[in-house]
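# Residue-level structure breakdown
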Number of protein chains: 2
Amino acid sequence: MLVNAIEPDNHAAVNPLERLSGILSADMKKVDELIMAHMQSEIKLIPKLAGYLISSGGKRIRPLLTLAATRLFDDTTERPFGLAASVEFIHTATLLHDDVVDGSEERRGKKAANLVFGNQASVLVGDFLFSRAFQLMTADGSLEILRILSEASATISEGEVKQLLSISNMDTTMDDYITVISAKTAALFAAACEIGPVIADQNKATQEALRLYGLHLGLSFQIMDDVLDYSANQEKLGKAIGDDFREGKMTAPVLFALENANDDEREFWNRVISSPQSQKDEDLPRAIEILNARGAHIAAKTLAEEHAQLAKDALTSIEKSAINDSALIELLCGIADYTVNREF
Amino acid sequence: MLVNAIEPDNHAAVNPLERLSGILSADMKKVDELIMAHMQSEIKLIPKLAGYLISSGGKRIRPLLTLAATRLFDDTTERPFGLAASVEFIHTATLLHDDVVDGSEERRGKKAANLVFGNQASVLVGDFLFSRAFQLMTADGSLEILRILSEASATISEGEVKQLLSISNMDTTMDDYITVISAKTAALFAAACEIGPVIADQNKATQEALRLYGLHLGLSFQIMDDVLDYSANQEKLGKAIGDDFREGKMTAPVLFALENANDDEREFWNRVISSPQSQKDEDLPRAIEILNARGAHIAAKTLAEEHAQLAKDALTSIEKSAINDSALIELLCGIADYTVNREF
């Protein structure tokens, strides 16, 4: 079976996202050209601010997924380029708005755009990129793709609002957390993948398989992001660890730690999450110590692995006869494993 | 000629916007139902925040324009309802983001949403409504309308960014100002009107006529908004006067006052616009006094009248045989005059 052809451990050293990026580099160049062309404006601050974030070495995982999910099938059109650019614009717009909402200080190893250009410009340039995304989709002309991506966009903002409400809220459950990350992160991964088979004119079952792949990949990706926020090598991560902690975010590691917390620990979490402003310098190291002692990292990583497996399972349901490039299927499986094993 | 059938002065006492609202009240009820239905979300804060602004007695001028620009012609479909709701969602999203960007304190006679619910929620709910707008357009299925409204949305954010850059900037010219208000305000008026003939399957010339009507109406509307910010009855306006002044905005009245300013006055404007934080209590009354002395209100109002006339002229170019309801043409002309003569 294709999905078992990849042994995760064999690829721990080779990053399958970079391999995919290499295979699709000619296509990604076209996507990057469209991104650059469509973020232009006579108002020079717009490309300056957008370019600050877009050129800052993001992984471009979402547009890569769109390309891969199209090239899996017998499609050689130019359509995925503009749509992949559109997906990246939606992502960039949400990052700009997120950083304003979170009061972020760093992003991708650089000072966050809101600190360099101000919250006001970040909000407005986010709106601009969001509009540009819809202009690109409209130029493509598929109403099904417009439906998928406009729904994903609405879902993302619902997830962000729900996350805002769960900040410093100790009543947040694991279900709430999964709802938040399904919406704020996995919905765009799902949409980025789902539009591939739509472009390639595949049937609904195939469309659904790619949607599920993206959804579970996104969940795995976000859970690991939340684990890495407490455990990553700060330099590799490109931002300070402990951001979620300082904001009082209820993420998977904290939720798992709370499941097995003793009274002391519960009191600790209650204080640092409910009143992040009360946090002292020694609180983050203590939090990390508790997470390790309670196996919270391992539990969260196991949850991420389950979603990575579900992502891979979804790909097995695609009719073999429809697949034009089985190497891409293997790489997509590799990426699912990589989300769990990555260090940043 | 139809456009001359209305004598502006005859209608100074009767508000033609309310008359249009009355004639189209059954249609507007359908639009309002769609607005209420589509702002719903499982995340209750979203309809709460959106509803706070949407139900706060806005004039609904943009969706009314879409309805009127469709019903002018022989169209009895339900299509304009969803699209008018979409236009209102785009407008509401930009208001939410504007109020964050401007740090507004009041809107429509109420505390601004950002002060009640916070900047973070206002940004995210704006994003949600913006996405919902595109979902509604996608459900309608006209790519031409998606093109018009996605372009208008991009233009709005460009205008907002340019406005941000012109704040406290004494080098701002009248051309810069017209560019800003064409984008931030008139583009959505133009789009709201242009989609009417698209829905009603009219030719490109008619589409262009309605676009021009909306564009000049929007310009007239915004110029008068900027005049009223220095001269309105505060209670009728629904917010404090002098907002633009306190923000250091370079609007039409200030630009006209600067054209004829003596050295003292130039020094005054330079201080209060370049450093709004240096403003003292007596500065707003002094600004108003100078505006009156220099005829700046009158000059700005004359400019607004010119655009109102251009709006009316645009309507005369529509082929008479295409018009199904000439009473609506007369009302649209009346609204153009009303934008100039309104007191709030």
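Residues numbered from 1 in each chain as written. Chains lettered and ligands numbered in written order. Predicted model: local features only at pLDDT ≥ 70, side-chain atom pairs only at ≥ 80, totals over all residues. Heavy atoms only, no water.

## Quick notes on the overall build of chain A
A count of helical and extended segments in chain A gives 17 helices and two strands. At 20 Å, chain A has a C-alpha radius of gyration in line with the 20 Å of a compact globule built from 344 residues. For chain A, the spread of C-alpha atoms along the three principal axes comes to 60 × 55 × 35 Å. When contacts within chain A are restricted to residue pairs at least 6 apart in sequence, those whose partners lie at least 24 apart make up 76%. Here chain A holds 33 positive side-chain charges and 52 negative ones, and the gap between their average locations is 4 Å. (Helix = DSSP H or I, 4+ residues; strand = E, 2+ residues; numbered from the N terminus. Rg over C-alpha atoms; globule rule 2.2 N^0.38 Å. Contact = heavy atoms within 4.5 Å. Lys, Arg positive; Asp, Glu negative; His and termini not counted. Charge placed at Lys NZ, Arg CZ, Asp CG, Glu CD.)

## Concerning the interface of chain B and chain A
Counting residues at the interface gives 35 residues for chain B, matched by 35 residues for chain A. Between chain B and chain A, roughly 3300 Å² of surface is buried when both sides are summed, and carbon and sulfur atoms account for 76% of that area. For the pair chain B and chain A, the number of links is zero salt bridges. Counting across the chain B and chain A interface gives 10 residue pairs in polar contact (both at pLDDT 80 or more). Elements with a minimum of two residues in the side of chain B that touches chain A: α3 (45–54), α5 (79–102), α7 (119–140) and α8 (143–166) of chain B. It is α8(B) that contributes the most residues to the side of chain B that touches chain A, 14 residues altogether. Here the residues of the side of chain B that touches chain A sort into 17 nonpolar, 10 polar and eight charged. (Buried area = accessible area lost by both parts, 1.4 Å probe. Salt bridge = Lys/Arg side-chain N within 4 Å of Asp/Glu carboxyl O. Polar contact = N/O pair within 3.5 Å; in protein donor to acceptor, adjacent residues only side chain to side chain. Nonpolar A, V, L, I, M, F, W, Y, C, P; charged D, E, K, R; others polar.)

## So, the nonpolar core
Ranked by size, the top nonpolar core spans 241 residues in total, and within it Tyr213(A), Trp269(A), Tyr213(B) and Trp269(B) carry the most contacts. Considering every element that reaches this core, the biggest residue donor is helix α9 (residues 174–199) of chain B, with 14 residues. The residues touching Trp269(A), leaving out its near neighbours within four places in the chain, are Met170(A), Phe245(A), Val254(A), Ala257(A), Leu258(A), Ser274(A), Ala287(A), Ile290(A) and Leu291(A). (Core = buried A, V, L, I, M, F, W, Y, C linked by side-chain atoms within 4.5 Å. Buried < 20%, exposed > 50% of the residue type's maximum accessible area, 1.4 Å probe, protein only.)

## What to know about the relation of the copies chain B and chain A
For the pair chain B and chain A, the relating rotation is 180 degrees, the translation along its axis is 0.0 Å, and the fit reaches an RMSD of 0.0 Å. Such a turn and shift between the copies fits a two-fold axis. Counting the interface residues of chain B, we find that 100% of their copies in chain A are interface residues as well, pointing to one common contact surface. (Least-squares fit on C-alpha atoms with pLDDT ≥ 70 in both.)

## Quick notes on the environment of Ala314(A)
Residue and element names in this part refer to chain A. As for its placement among the helices and strands, Ala-314 is situated in helix α16 (residues 296–316). Judged by its relative accessible area of 8%, Ala-314 falls in the buried class. C-alpha separation for the pair Ala-314 and Leu-212, spaced 102 residues apart in sequence, amounts to 6.0 Å. With residues up to four places along the chain from it excluded, the contact list for Ala-314 reads Ala-209, Leu-212 and Tyr-213.

## Some details on the side chain of Ser131(B)
Inspection of the secondary structure puts Ser131(B) in helix α7. Among the polar contacts made by the side chain of Ser131(B), one reaches the main-chain amide nitrogen of Ala154(A) at a distance of 3.4 Å. Residues contacting Ser131(B), with those up to four places away along its chain left out, are Phe130(A), Ser150(A), Ser153(A), Ala154(A) and Ser157(A).

## Re helix α1 (residues 16–23) of chain A
Residues and elements named next belong to chain A. Of the residues making up α1, those classed as buried are Pro-16, Leu-17 and Leu-20. All buried residues of α1 lie within an arc of 105 degrees about the axis, which places them on one face of the element. Backbone nitrogen of Leu-17 and a side-chain oxygen of the N-cap are separated by 2.7 Å at the start of α1; the cap is Asn-15. (Arc of directions from axis to C-beta.)

## Section: the side chain of Ser41(A)
Inspection of the secondary structure puts Ser41(A) in the loop between α2 (25–38) and α3 (45–54). What makes Ser41(A) buried here is its relative accessible area of 6%. At 3.0 Å, the side chain of Ser41(A) and the backbone nitrogen of Ile43(A) are in polar contact. Leaving out residues up to four positions away in the same chain, Ser41(A) has contacts with Ile46(A), Pro47(A), Phe128(A) and Glu158(B).

## As for the pattern of salt bridges
Enumeration over the complete set of coordinates arrives at 40 salt bridges over all chains. Taking the shortest distance from any N to any O, the salt bridge between Arg79(B) and Asp140(B) comes out at 2.7 Å. One end of the pair, Arg79(B), is in helix α5; the other, Asp140(B), is in helix α7, with 61 residues separating them in the sequence. Given the relative accessible area of 30%, Arg79(B) is considered partly exposed. Counted as one network, the salt bridges with shared partners bring together Asp102(A), Asp244(A), Glu247(A) and Lys249(A).

## With respect to the packing of aromatic side chains
Tallied over the full model, the rule gives 12 aromatic pairs over all chains. Where Tyr52(A) meets Phe117(A), the ring centres are 5.4 Å apart and the plane angle is 80 degrees; that geometry is what we call edge-to-face. In this pair, Tyr52(A) sits in helix α3 while Phe117(A) sits in helix α6 (residues 113–117), placing the two residues 65 residues apart along the sequence. For Tyr52(A), a relative accessible area of 19% puts it in the buried group. With a centroid separation of 5.3 Å and an interplanar angle of 75 degrees, the aromatic rings of Phe130(A) and Phe134(A) are classed as edge-to-face. One end of the pair, Phe130(A), and the other, Phe134(A), are both in helix α7 (residues 119–140), four residues apart, so they sit about a helical turn from each other. Phe134(A) carries the same exposure label as Phe130(A), and that label is buried. An aromatic cluster is built from Phe130(A), Phe134(A), Phe130(B) and Phe134(B), whose rings are joined through pairwise contacts. The ring of Phe268(A) carries the charged tip of Arg286(A) above its face, separated from the ring centre by 4.7 Å. (Phe/Tyr/Trp six-rings, centres within 6.5 Å; stacked < 30°, edge-to-face > 60°. Lys NZ or Arg CZ within 6 Å of the ring centre and 35° of its normal.)

## Some points on the packing of helix α2 (residues 25–38) of chain B against helix α4 (residues 61–71) of chain B
Residue and element names in this part refer to chain B. The interhelical angle for the contact between α2 and α4, taken along N-to-C directions, is 130 degrees, at an axis separation of 11 Å. Taken together, the axes of α2 and α4 are oblique relative to one another. The way α2 lies across α4 gives a crossing that is right-handed. Mapping the contact onto sequence places Asp-27, Met-28 and Val-31 in α2 and Pro-63, Leu-64, Leu-67 and Arg-71 in α4. Of the residues belonging to the contact of α2 with α4, the class tally is five nonpolar, no polar and two charged. (Axes fitted to C-alpha atoms, helices over the stretch in contact; angles between N-to-C directions. Parallel < 35°, antiparallel > 145°, perpendicular 65-115°, else oblique. Left-handed = near helix turned anticlockwise from the far one by under 90°.)

## Quick notes on the confidence of the model for chain A
Do not read the predicted coordinates in detail wherever pLDDT is low. Residues and elements named next belong to chain A. Per-residue confidence for chain A averages 92 on the pLDDT scale, and 94% of its residues sit at or above 70. By mean pLDDT, the top-scoring element of chain A is helix α9 (residues 174–199) (98), and the lowest-scoring one is helix α11 (residues 234–237) (69). Below pLDDT 50 for its whole length, residues 1–12 participates in 17 contacts with residues either more than four positions away or in separate chains. Interface scoring of the predicted complex returns ipTM 0.93; its pTM is 0.93. (pLDDT = per-residue confidence, 0-100.)

## Topic: unusual backbone geometry
Residue and element names in this part refer to chain A. Of note in the backbone geometry, Asp-201 takes a positive phi value of approximately 60 degrees without being a glycine. Along the chain, Asp-201 falls in the loop between α9 and α10 (204–231). What makes Asp-201 exposed here is its relative accessible area of 69%.

## What about the packing of α4(B) against α5(B)?
Residue and element names in this part refer to chain B. It is the contact of α4 with α5, at a shortest axis distance of 8 Å, that shows an interaxial angle of 150 degrees. What the angle tells us is that α4 and α5 run roughly antiparallel. Like other packed secondary-structure pairs, α4 and α5 cross with a definite hand, here right-handed. On α5, the residues touching Arg-62, Pro-63, Thr-66, Leu-67, Thr-70 and Arg-71 of α4 are Pro-80, Phe-81, Ala-84, Val-87, Glu-88 and His-91.

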